[in-house]
Amino acid sequence: MPTFTPDRSLLNPKFDGYKFSPLEYEEVTSHYPLEHKLSQTNASGRAPLSFQEVQSRVLHNHLTICSQSKRAVYVDAELRIVGVDLDETSLVPTIRVLYELPRPIQTDAAETLQREYPSAAFVDATSLLVSDGYGTLYALRLSDSGPAELLASYELAIPDTYESAQSSVPFRLHQAVSPDGHRIIAVLSSKHYPKDTPEPSSKSHKASPVKFDIWGVQLALPIAPSADVQLLSIVWHRRGDDVPLYTSYDASQQAFLFVGSASYLPLAVAPTPTYEPSSDELAPIPRAGENLDGPPTPALPDIPKPPPYSWTQTSDTVTLAIPLPSDTPTAHIKVTFAPRTLTVLVERAPTPAHPADVPVVVPRYTLRPLWDGIQPCTSVWTFDRDAERAYGVLAIHLDKAHEGTRWPQVFAEQPGAHEEEEEVPETLDPTELYAIRESLEKYTAALREGTDASGLGLGRGLPSLAQGERDDEVDLTVGKSVSLTWVGASATSPLTIGGDAHAHGEDALLEVLSTPFPGSARAFPPSLVAKNGLDGVLYTLRDAPAAWAHTATYSALAFVLASKRDTRFVHHVAHRAVFAFESGTQDLGGNVYIYRGAGPKENWAKQTVLKIGGGSAGALLGVGLVKVQEKVVVLCLCEGELVVLHGVV
């Protein structure tokens, strides 16, 4: 039986859309300048970041909420732990420094590892664990006033059984709970550094696969104050393809929930391999007038297919060169720039002058995520025709948002991307643009003459069913394909909760659109908003027996979220509302879009937009939910301000 099954009675196919419902800005928002500011700059190692690491840092929440009190903390740029206490009556925050972490001395060996952002987790209202991002965990005791007391500090020593080339690595702290009052179980994640890293192939430009370790470590209670650094006791370990998107602890099941792109498995359990047919299993498709039973056609030399584009970069620009037929009208070229994506659409190529000519297949990029941000207003494109040749060059000039950042590739890696969508190596010599144009002409000439240019033995020319056919639909994708993994607090035996096994969870169970607000664990049960067509379906974890149930629907949520290009966080408050936060790194961003829930019989729902980041406030770096006298209060931590939202849900 499927784990996640939509309830048709809760779906609303007659939903019309969202109507704007304004709120008095001064009545629902309060801004408080920060004396101790944050910083997003933490690239300290010499090794480049993988796509998963970059994505994890972009989505990192710098604000930690205590679900048992009205308190939050963050770590500023100087490694000061700053506490935020919210007054229950006035909702005015009191901001004070709780403790200043020592700044580690970096050696040449340590600088080869990228450090993590500092992270924190509350055990209860008076116990706090903090990771400095360098590889040390601190346990502190909090009081209602005055500084925090440092109880002990810990390091993670990795045993040889985990096949790590590093004995100690930087880690990120996700959660800390005390399941029985006698110990603390903390969940950490770190990048895996394998001992035997294969040398990259000269023909392949793809980096080696990156894995991440998930550690369950134990701290005995009570924590005895000690000045010496202690070693963390590892209770259980899992390994996966990325950092968890969402973690939660279910006290009734004594188990942790991890939501990530694939299952987090013990080392003894191998991931399910993906099936790829061999060349012998590929059945040839007969073409018109072709006799597959006849004598084989003499083998012709393969002509390599040219890359879809070439690119080069300077300190402030990235330039793409895409070959197009010289007679392509400029009006048929559509190029759209966004802060994080690029769209390149070319309408149907002109009809070939000769019937034997093969239609040109030009690259099509629809909202393709870029490796880094750009400045859309100053990015341009030009089309250079060459009347004497069959192909011209569409030149796209991207203005880098972060000058001086060197891009390893143009587009961000996408899970499940087709082979032809793999990244193209940088063209350091601009004269190679001419070679690409030449190779494309040879390639299309081979198709016109009937040569098997693919090199796969699939016949000549194009399939008869594909002649003149081209899919021009725009497929807007939103959400993240995830698996769910359950791990017992002590990991003594396999768990199956809500149909998900901790060691054998199915990959790509659902497309997640939203996760619960940080800090809402005690106020609301665990839940996920998953994509179902254009809608967002709210699945809530229920007890006795534990199972995921469809409890509400955010109609057309996937559709409206697809239009957001600078979204950093998307969280929901049960069935009440979904919040989509922009990062605010650009002058035009920094909004939060609030989509309220509606019943299955209602044709309209309410939408609200509020400005929280950008400008003097800076980029949004963290969010969290605090429940004050049964009212929902949302804290938004920006680089220079703390914004309090109240009365919006």
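Values in this document were obtained by computation on a predicted structure and should not be read as measured data. (Residues numbered from 1 in each chain as written. Predicted model: local features only at pLDDT ≥ 70, side-chain atom pairs only at ≥ 80, totals over all residues. Heavy atoms only, no water.)

K.L.:
Tell me about the confidence of the model for the protein, residues and numbers included.
P.N.:
For the protein, per-residue confidence averages 82 on the pLDDT scale, and 75% of positions sit at 70 or higher. Note that pLDDT drops below 50 for residues 351-359; the model gives that stretch eight contacts with residues more than four away or on any other chain. (pLDDT = per-residue confidence, 0-100. Contact = heavy atoms within 4.5 Å.)

K.L.:
Can you explain the environment of Ile 65? Please cite residues and give values.
P.N.:
Tracing the sequence through the fold places Ile 65 in strand E3 (residues 64-65). Among all residues touching Ile 65, those that are not within four sequence positions of it are Arg 71, Ala 72, Phe 122, Pro 518, Gly 519, Gly 624, Leu 625, Val 626 and Leu 635. (Helix = DSSP H or I, 4+ residues; strand = E, 2+ residues; numbered from the N terminus.)

K.L.:
Explain the sheet that holds strand E7 (residues 119-124) to me, and be specific about the residues and the numbers.
P.N.:
On the basis of which strands lie adjacent, the open sheet formed by five strands has the order E7-E8-E9-E10-E14 and mixed pairing. For this open sheet the edge positions go to E7 and strand E14 (229-231), each flanked by a neighbour on one side alone. Ignoring strand direction, the axes of neighbouring strands in this sheet form an average angle of 25 degrees. In this structure, E7 lies alongside strand E8 (residues 127-131), joined through five bridges in antiparallel fashion. Bridge pairing links Phe 122 to Leu 128 in E8. (Pairing = 2+ DSSP bridges. Axes fitted to C-alpha atoms, helices over the stretch in contact; angles between N-to-C directions.)

K.L.:
Lay out the pattern of salt bridges with the relevant residues and their values.
P.N.:
All chains considered together, the criterion is met by 15 salt bridges. With a shortest N-O distance of 4.0 Å, Arg 57 and Glu 116 are connected by a salt bridge. Here Glu 116 lies in the loop between strand E6 (93-100) and E7 and Arg 57 lies in helix H2 (residues 51-58), a separation of 59 residues in the sequence. Judged on exposure class, the residue Arg 57 and its partner Glu 116 are both buried. With a shortest N-O distance of 3.8 Å, Glu 630 and Lys 627 are connected by a salt bridge. Judged by relative accessible area, which is 64%, Glu 630 ranks as exposed. Accessibility expressed as a relative area gives 26% for Lys 627, which makes it partly exposed. Members of the salt-bridge network, linked through shared partners, are Arg 71, Asp 85 and Arg 96. (Salt bridge = Lys/Arg side-chain N within 4 Å of Asp/Glu carboxyl O. Buried < 20%, exposed > 50% of the residue type's maximum accessible area, 1.4 Å probe, protein only.)

K.L.:
Can you break down the pairing of strand E19 (residues 317-325) residue by residue, with the values?
P.N.:
Here E19 lies mainly inside the structure; seven of its nine residues are buried. Here strand E18 (residues 310-313) runs beside E19; their pairing, made up of four bridges, is antiparallel. When the bridges of E19 are listed, Gln 313 appears paired with Val 318. Between E18 and the antiparallel strand that follows it, E19, lie three residues. Both E19 and strand E24 (residues 391-399) contribute to a ladder of nine bridges, which runs antiparallel. Counterpart to Val 318 in the pairing with E24 is Leu 398.

K.L.:
Give me the environment of Arg 340: which residues, what numbers.
P.N.:
In this structure, Arg 340 sits in the loop between strand E20 (333-337) and strand E21 (341-346). Exposure remark for Arg 340: the relative accessible area of 30% places this residue in the partly exposed category. Separated by 30 residues in the primary sequence, Arg 340 and Leu 370 place their C-alpha atoms 5.6 Å from one another.

K.L.:
Quick one: what's the story with the side chain of His 572, residue by residue and with numbers?
P.N.:
On the secondary structure map, His 572 appears in strand E32 (residues 567-573). In this structure the side chain of His 572 is engaged in a polar contact, spanning 2.7 Å, whose partner is the side chain of Ser 514. Only 2.8 Å separates the side chain of His 572 from the side chain of Ser 527, close enough to count as a polar contact. Filtering out sequence-adjacent residues up to four positions away, His 572 remains in contact with Ser 514, Thr 515, Pro 516, Phe 517, Ser 527, Leu 528, Val 529, Leu 538, Tyr 554, Ala 577 and Val 578. (Polar contact = N/O pair within 3.5 Å; in protein donor to acceptor, adjacent residues only side chain to side chain.)

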